[in-house]
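Observations on the model geometry
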Amino acid sequence: MVSGNIWNADLGNGNYRNPILYADYSDPDAIRVGDDYFMTASSFSNAPGLPLLHSKDLVNWKVVNYVIDKIPDERYKAAIHGCGVWAPSIRYHEGTYYVCFPMPDEGIYMSTAKDPFGKWSEPVNIRPGAGWIDPCPFWDDDGKAYLVAGVAKSRIGYKSVLHMVEMQPDGMGLIGEEVKIFDGNENDQVTIEGPKMYKRNGWYYVFAPAGGVKTGWQTVLRSRNVFGPYEYKVVMRQGDSIVNGPHQGAWVDTVTGEDWFLHFQDVYAAGRITHLQPMSWKEDWPVIGVAKEGNDYGEPVMEYRKPTVGAGSNEICEPETSDGFTGNKLGLQWQWNANPEKNWYELTGNSLKLNAVFKETVYGDMPNLLLQKWPAPEFSCVTKLDLSNLEDREEAGVISMGTSYGLLTFRREGDSLVPYYVDGVQKYGKILPDTTEETEKLLPAVSFDKAKELYIKYTVKQNGTRDLNANEKGFPLELVTLEYGTDGSSYQKAGEMTAMPGRWVGVKNGVFCASPEKESRGYAIVEFVTYEKCEGNH
């Protein structure tokens, strides 16, 4: 089952529209190797982690791999919202691909691969300890290597500071003492973070966002010396555009010599979506977006000509969403709420078997939630379930997962399947999640002879705007509706909610199967999940 045109950025006429990905690939970093582009992004406490996306033209992207199968720490057997894998960087050096990623409580890690589509190495913690975030490795012309990184105030007690330290040439350790190269507290660059390092015309550049996720801008530092001193300049602002907080991303070039910049925009419930901007140079400073007359910085574009990439592919594509579960592996659109166990599921050849996993916490903290990102501002998703193999008191259903969440679950109670609509609020701390009580609404029971053919419809529609003091235009409000039926055409409403993003992540939706007993025997069959765009998505 192939996803069908949920959100295409390629307009088919030589132009593209922003965002190029209306999905939560936050804190993106990207590289070009030959005529291939690779991008990775934050994954926090979801596993597998560090999605790897591939493109031939910077506009059409697909998820092709994950760098890590599991988050490298035992405590991520639990869903520790907001922790885990933060903003990574990806680099290519002398035949090896490197992904460097921070875990703000555990350290800075490095993973490598000769083939980015294959198996990546087990991550090595090259700087153990809490506090450093957003690392980026850099190899200089003389063979020396360096690492630039930011800091997390929640872990280290201060913010807005960038550090540089020499790195082993193989990327597997650090050398010498770190040097503070920039302090945004001493000027107007508060919350500077997410540094990415490059070299051009003898200048060392550090691209770094500042001003905060929802309201910030893109700053660039430059120096003739790796360790500074660095001067700085703001090179992209929101200006008159509708793109709030345009920053944090990657400078990439094309084989034809063009320069482009990938970055995110925070749109609240859907998370941080990905934009592509043209980039030019003026007096050895970059200008990202298009500069209005009299400005020395750029503003984001909403439509522009596609990059000139030479003999690149003309395929119009997007990340997968719908799934008929016909392969021997889970589709790359899926992530678990925490590090998975092998006994949670099985692929039968034409469906997904979800085993009933012991439920020892509230729904929002269950590790065995199988989730995927929202693919568009508006869409519907129909999940077909066979629940005839549930044992008494076992349950399965569909969840909308954010800091507030809603779900529809069918619980076997004797000879009936009893639907419940559940509301919950996800609370979180720095280390371990704090949870609160959930509320259940009992719905009319379904006869168990209908258990082989149950349909749950999940719909996301925009419903006005929300003022988050991020810009006067506000953010879209998304209304999530859950419905159910037994024939695939008529549905009964179970409940609805106004969506709220998760901790640093956009809302995800997906499936689960749970049991009140440790020794559970039942299971649910997910026959298919089908996404469709709503009118107005284009």
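Residues numbered from 1 in each chain as written. Predicted model: local features only at pLDDT ≥ 70, side-chain atom pairs only at ≥ 80, totals over all residues. Heavy atoms only, no water.

**Describing the overall build of the protein**
Across its full length, the protein carries one helix and 38 strands. Whereas a compact globule of 538 residues would reach a radius of gyration of roughly 24 Å, the protein reaches 23 Å, a difference of no more than 12%. With respect to the three principal axes, the spread of C-alpha positions in the protein is 75 × 50 × 45 Å. By the burial criterion, 62% of the 538 residues in the protein qualify as buried. A separation threshold of at least 6 residues defines the contact pool for the protein, and within that pool the share at least 24 residues apart is 61%. Looking at the protein as shown, the accessible area adds up to about 20300 Å², and 46% of this sits on carbon and sulfur atoms. Side chains of the protein carry 53 positive and 73 negative charges; the gap between the two charge centres is 1 Å. (Helix = DSSP H or I, 4+ residues; strand = E, 2+ residues; numbered from the N terminus. Rg over C-alpha atoms; globule rule 2.2 N^0.38 Å. Buried < 20%, exposed > 50% of the residue type's maximum accessible area, 1.4 Å probe, protein only. Contact = heavy atoms within 4.5 Å. Areas by Shrake-Rupley, 256 points an atom, 1.4 Å probe, with all protein chains shown as cover. Lys, Arg positive; Asp, Glu negative; His and termini not counted. Charge placed at Lys NZ, Arg CZ, Asp CG, Glu CD.)

**Considerations on the sheet that holds strand E9 (residues 124-128)**
Pairing is antiparallel in the open sheet, where four strands are placed in the order E6-E7-E8-E9. Only two strands of the sheet have a single partner each, and these edge strands are strand E6 (89-93) and E9. Going from strand to strand, the sheet's axes swing by 25° on average, the running direction of each strand aside. Here E6 runs beside strand E7 (residues 96-103); their pairing, made up of five bridges, is antiparallel. Across the sheet, Ser89 pairs through a bridge with Cys100, a residue of E7. (Pairing = 2+ DSSP bridges. Axes fitted to C-alpha atoms, helices over the stretch in contact; angles between N-to-C directions.)

**Some remarks on the packing of aromatic side chains**
According to the stated counting rule, one finds 27 aromatic pairs in the structure shown. Arranged with centres 5.5 Å apart and planes meeting at 75°, the rings of Phe38 and Tyr97 form a pair that is edge-to-face. Of this pair, Phe38 sits in strand E3 (residues 36-40) while Tyr97 sits in strand E7, and the two are 59 residues apart along the sequence. Classification of Tyr97 as buried rests on a relative accessible area of 7%. Each ring, one from Phe207 and one from Phe261, has its centre 6.1 Å from the other, and the planes form 25°; the classification is stacked. (Phe/Tyr/Trp six-rings, centres within 6.5 Å; stacked < 30°, edge-to-face > 60°.)

**Considerations on the pairing of strand E19 (residues 259-266)**
Put simply, side chains in a regular strand alternate between the two faces of the sheet. Across the eight residues of E19, eight count as buried, placing the element largely inside the fold. Here E19 shows a buried face lined by Asp259, Phe261, His263 and Gln265 and a second buried face lined by Trp260, Leu262, Phe264 and Asp266. Sheet topology note: the strand E18 (residues 247-253)/E19 ladder contains six bridges and is antiparallel. If you follow Ala250 over to E19, its bridge partner there is Leu262. Count of turn residues in the E18/E19 antiparallel hairpin: five residues, of which Gly257 carries a positive phi of about 95°. Alignment of E19 against strand E20 (residues 272-282), held across eight bridges, turns out to be antiparallel. Across the sheet, Phe261 pairs through a bridge with Gln277, a residue of E20.

**Focus on the side chain of Asn8**
Structurally, Asn8 is set in the segment before strand E1 (15-17). Here Asn8 falls in the buried class, since its relative accessible area comes to 15%. Here the side chain of Asn8 touches Glu318 through a polar contact of 3.1 Å, side chain to side chain. (Polar contact = N/O pair within 3.5 Å; in protein donor to acceptor, adjacent residues only side chain to side chain.)

**Some remarks on unusual backbone geometry**
As a rule of thumb, non-glycine residues mostly have phi less than zero, and peptide bonds are mostly trans rather than cis. Along the chain, Ala47 connects to Pro48 via a cis peptide bond; the corresponding omega equals 0°. Residue position: Pro48 is located in the loop between E3 and strand E4 (49-55). Of note, Asp134 is a non-glycine position whose phi angle comes to about 55°, a positive value. With respect to the element layout, Asp134 can be found in strand E10 (residues 132-139). Overall, Asp134 belongs to the buried group, its relative accessible area being 4%.

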